[in-house]
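Descriptive analysis of the structure
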Amino acid sequence: MKPILEVSDLNKSFGAVTAAADINVTIHENEMVAVIGSNGAGKTTFVNMVTGYLKPTSGRIQFCGKDIAGRAPREISRSGICRSFQVAQLFPEMTILEHMMLAFAALQVGLKNYFYPLHSQAAETRALEVLGDFGIAGHANARVGALAQGVRKLLDIAIAMVSRPQLLLLDEPTSGVAIEEKFALMETVMGGVRQTKAAVMFIEHDMEIVSQYARRVIAFYEGRIIANGPTKEVLAHAQVREFIIGEIQEAAIVASKHD
Amino acid sequence: MRAFDKTPLAIVVATTLLLVGFFVFPAWLSLMVVTIIAKALVVVGVVVLMRSGLVSFGQGLYYCIGGYAVSLGEQVLQITDIFVLLALAMAAGLVAGSILGLLMSRYREIFFAMFSLALSMILYGILSRTQSLGSTDGLNIVQPTLFGIKLATQQAKLLIYFTTCVLAALVTYAVHRYIRSPLGYASMAVRDNEIRVEYLGLAPKKVFYSNYVIASVVAALGGAITALNYGHVQPDMAYWSQSGEFIFIALMGGTSHVAAAFLGSAVFETIRTYALELAPDAWRVILGGVLIAIICFLPKGLWSLTQFGKRSGSSDWDRVVDEKDST
Ligand SMILES: Nc1ncnc2c1ncn2[C@@H]1O[C@H](COP(=O)(O)OP(=O)(O)OP(=O)(O)O)[C@@H](O)[C@H]1O
Ligand SMILES: [Mg+2]
């Protein structure tokens, strides 16, 4: 398999906090990779650096042979890496359909964007097609303010898929969704993504989902990668069990007691 | 699913009525209509900026630039043709807006508001101190010509009135299109979430920049029309209270449609005229009271009065009614 994303010796610190230390990661075409790690391990920071939201303190990020470290998010999006967010990032006053049509319009260049209406039959058809892939076409005319968390998450991902990225980074696609809905949500997401053959790297806390959908797992701990390999091996790794899975289970127990 | 766009038709009807109106209106009313439209044009720019979340306390800058461009065009360049003068004013607004926009599109919120205020006050300061530009007295403007033909006073009034109405119709249509275009939606998007817009592959700065330039050009046009209408310009056009008036009108009218600026301007001018007559000392109090009432009872401005009983289509921006239905 051809490598598409190559990250080497990546570091990021926020003052005294080291959020990323000597990160080396390669992602290949069509891969399904999960990123695990307890809260504050640096998972989101990693995604933020790859997608240009944060500038690394040092290190290299190459995508399809091009250096992208420190580029603006819009350049990186246009070059083929798209992302979703831990908390869905949407525009409260726009409908689902308008989100999608704006995402499509953002891909075209020139004066067309200044004078032709956003709404058109062609734009609607295209938008509805992607929404259909993600099972949310039924909500097309609802404004996001009125939507359930799961639908928002799906819309956030559908927007990221509009430009047919080669690499899709999903930051906790199932967070904020009820446990019994997580698998169904993941099924929909993966179904939608599979249409495009994009490589996917998703951050996930639920180990059942990780073992179901990932071929490879990267484990973060305090800004470092402590394990990186086939799913079964990493989930059985001693340090991973102690520092990550243990902690997550403890956190889940604490949370369930609070309920 | 998509509603038929009634705006172009409404623009044509309203413009036709106004053009016919000239032959029926008393002179003071025709003068007032031009005043209303000139100010509304500036307010259209304020509305465009507001939709992206920016409040400019300095649109007087471009209003003034437009006015002085007409006066200087006459005095320095010896231009008297109305169309050339108006084009010159818009070009001046375009150039100034394009340059200052590079700077202004970096600022948001109160910083943008104060910065725009500061720029307009600088112009005010310069103009009111420059003897050759008439200082605080300003400059006079002679009657414009049409294609080199000198006109009688009444004809010139007709020319200014007609030109104003037709140009306003064109601007309204163009801005209406803009608001419904991807850039128009992107303006609303950058107001709510700039980061997300970046990730869509758009540059938020470009969105702010194009809004800023559009607002500059229409404000300069408004200033130029005011100059021709009154035959006079003065530094007060750039004074902060003038800019404040534009925001005042924008709030009165609302921001959900371009035409709201015209409605706001008409109501503003009418109330001011009558308030001045009825209570010369208290007209500001009356206007202030009206604005407070509008903010309390019609938070989306007077324009929401035109939306009552209407289920707006998916392309419409203010869907207060729909939102309540779906929750
Ligand atoms: N913008 C920032 N400024 C300062 N510190 C930050 C910033 N972003 C992240 N951090 C810190 O960096 C560390 C890693 O944070 P990050 O958000 O990457 O964790 P995470 O693995 O995504 O955690 P979670 O599972 O809670 O989402 C944390 O200690 C966090 O407080
Ligand atoms: Mg995170």
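Before any of the text, the structure's been laid out above.
Residues numbered from 1 in each chain as written. Chains lettered and ligands numbered in written order. Predicted model: local features only at pLDDT ≥ 70, side-chain atom pairs only at ≥ 80, totals over all residues.

Scanning chain A for helices and strands turns up 10 helices and 10 strands. By the compact-globule yardstick of 18 Å for 259 residues, chain A fits well, its C-alpha radius of gyration being 19 Å. Counting contacts in chain A only where the partners sit at least 6 residues apart, residues at least 24 apart contribute 66% of the total. (Helix = DSSP H or I, 4+ residues; strand = E, 2+ residues; numbered from the N terminus. Rg over C-alpha atoms; globule rule 2.2 N^0.38 Å. Contact = placed C-beta atoms within 7 Å.)

Here we take up the nonpolar core. If you look at the biggest cluster of nonpolar residues, it comprises 176 residues, and the most contacted ones within it are Met100 and Ala158 of chain A together with Val44, Ala89, Ala220, Leu221 and Ala224 of chain B. Residues contacting valine 44 of chain B, with those up to four places away along its chain left out, are Val171, Val175, Val218, Val258 and Ala261 of chain B. (Core = buried A, V, L, I, M, F, W, Y, C linked by C-beta atoms within 7 Å. Buried ≥ 20, exposed ≤ 12 C-beta atoms within 10 Å, placed from the backbone.)

Take the interface of chain B and chain A next. Counting from both sides, the interface comprises 26 residues of chain B and, opposite them, 32 residues of chain A. Contributions of two or more residues to the side of chain B that touches chain A are made by helix H6 (153-180), helix H7 (182-192), helix H8 (194-200) and helix H13 (320-326) of chain B. With seven residues, the single largest contributor to the side of chain B that touches chain A is H7 of chain B. Grouping the amino acids of the side of chain B that touches chain A by side-chain chemistry returns 12 nonpolar, seven polar and seven charged. (Nonpolar A, V, L, I, M, F, W, Y, C, P; charged D, E, K, R; others polar.)

We now examine the pairing of strand S2 (residues 17-28) of chain A. Residues and elements named next belong to chain A. Note: strand S1 (residues 3-14) against S2, eight bridges, orientation antiparallel. Bridged to proline 3 within S2 is histidine 28. If you look at the hairpin formed by S1 and S2, you'll find two residues sitting between the two strands, and glycine 15 has a positive phi there, around 60°. (Pairing = 2+ DSSP bridges.)

Moving on to the packing of helix H2 (residues 27-51) of chain B against helix H9 (residues 204-230) of chain B. Residue and element names in this part refer to chain B. Taken N-terminus to C-terminus, the directions of H2 and H9 make an angle of 165°; their axes are 7 Å apart at the nearest point. By the angle class used here, H2 and H9 are roughly antiparallel. In the packing of H2 onto H9, the handedness of the crossing is left-handed. Here H2 contributes Leu31, Val34, Thr35, Ala38, Lys39, Leu41, Val42, Val44, Gly45, Val46, Val48 and Leu49 to the contact with H9, which in turn contributes Asn211, Tyr212, Ile214, Ala215, Ser216, Val218, Ala219, Leu221, Gly222, Ile225, Thr226 and Asn229. (Axes fitted to C-alpha atoms, helices over the stretch in contact; angles between N-to-C directions. Parallel < 35°, antiparallel > 145°, perpendicular 65-115°, else oblique. Left-handed = near helix turned anticlockwise from the far one by under 90°.)

The next point concerns the sheet that holds strand S8 (residues 199-203) of chain A. Residue and element names in this part refer to chain A. The strand order across the open sheet built from six strands is S6-S7-S8-S3-S9-S10, with neighbouring strands paired in mixed fashion. Across the chains shown, the open sheet's two edge strands, defined by having one partner strand only, are strand S6 (81-83) and strand S10 (224-230). Strand-to-strand, the axes of this sheet are offset by a mean angle of 15°, without reference to chain direction. Relative to S8, strand S3 (residues 32-36) runs parallel, the two sharing four bridges. Directly across from methionine 32, in S8, lies its bridge partner valine 200. Most of the contacts of helix H1 (residues 43-50) go to strand S7 (residues 167-171), to which it runs at about 145°, and overall it touches S3, S6, S7, S8 and strand S9 (216-221).

Residue and element names in this part refer to chain A. Across the eight residues of H1, eight count as buried, placing the element largely inside the fold. When we look at burial in H1, the residues that qualify are Lys43, Thr44, Thr45, Phe46, Val47, Asn48, Met49 and Val50. Taken from the residues just after H1, glycine 52 is the one with a positive phi, measuring 90°.

Let's shift gears to the site of ligand 1. All names here are of chain A. Ligand 1 sits among Phe14, Val17, Ala19, Gly37, Asn39, Gly40, Ala41, Gly42, Lys43, Thr44, Thr45 and Gln86. Within the residue set of the shell around ligand 1, elements represented by two or more residues are S2 and H1. Sorting elements by how many residues they give to the shell around ligand 1 places H1 first, with three residues. Counted by class, the shell around ligand 1 contains four nonpolar, seven polar and one charged residues. (Near = placed C-beta within 6 Å.)

Here we take up helix H6 (residues 149-161) of chain A. All names here are of chain A. Between its first and last C-alpha atoms H6 spans 19 Å; for 13 residues at 1.5 Å apiece the expected length is 18 Å, and the two agree. With respect to burial, H6 is a largely interior element, 12 of its 13 residues being buried. Taken together, the buried positions of H6 are occupied by Gly150, Val151, Arg152, Lys153, Leu154, Leu155, Asp156, Ile157, Ala158, Ile159, Ala160 and Met161. The secondary structure elements touched by the buried residues of H6 are S6, helix H3 (96-105), helix H5 (121-133), S7 and helix H7 (179-194). (Expected span 1.5 Å × (residues − 1).)

All names here are of chain B. With respect to the helices and strands, the residue isoleucine 122 is situated in helix H5 (residues 109-129). Residue isoleucine 122 is classed as partly exposed on the basis of its 13 C-beta neighbours within 10 Å. A C-alpha to C-alpha distance of 9.4 Å links isoleucine 122 and tyrosine 239, two positions 117 residues apart in sequence.

As a further point, take the packing of H2 of chain B against helix H11 (residues 259-278) of chain B. Residues and elements named next belong to chain B. At a minimum axis separation of 8 Å, H2 and H11 run at an interaxial angle of 135°. The angle between H2 and H11 falls in the class oblique. For the pair H2 and H11, the sense of crossing is right-handed. For the pair H2 and H11, the contacting residues are Met32, Thr35, Ile36, Lys39, Ala40, Val43, Val44 and Val47 in the first and Ala260, Ala261, Phe262, Gly264, Ser265, Ala266 and Glu269 in the second. Residues belonging to the contact of H2 with H11 are distributed by class as follows: 10 nonpolar, three polar and two charged.

Negative phi values dominate among residues other than glycine, just as trans dominates among peptide bonds. Residue and element names in this part refer to chain B. Although it is not a glycine, glutamate 109 adopts a positive phi angle of roughly 50°. As for its position among the elements, glutamate 109 is in helix H5. In this structure glutamate 109 comes out as exposed when scored by C-beta crowding, with 10 C-beta atoms within 10 Å. The backbone phi angle of serine 135 is positive, close to 50°, even though this residue is not glycine.

Strand pairing in a sheet is mediated by backbone hydrogen bonds. Such pairs are either parallel or antiparallel. All names here are of chain A. The strand order across the open sheet built from four strands is S2-S1-S4-S5, with neighbouring strands paired in antiparallel fashion. Strand pairing shows two members of the sheet lacking a second neighbour, S2 and strand S5 (66-67), which therefore form its edges. In this structure, S1 lies alongside strand S4 (residues 58-63), joined through five bridges in antiparallel fashion. Considered in S4, the bridge of valine 7 is made with isoleucine 61.

Any functional reading would require information that these geometric values do not contain.
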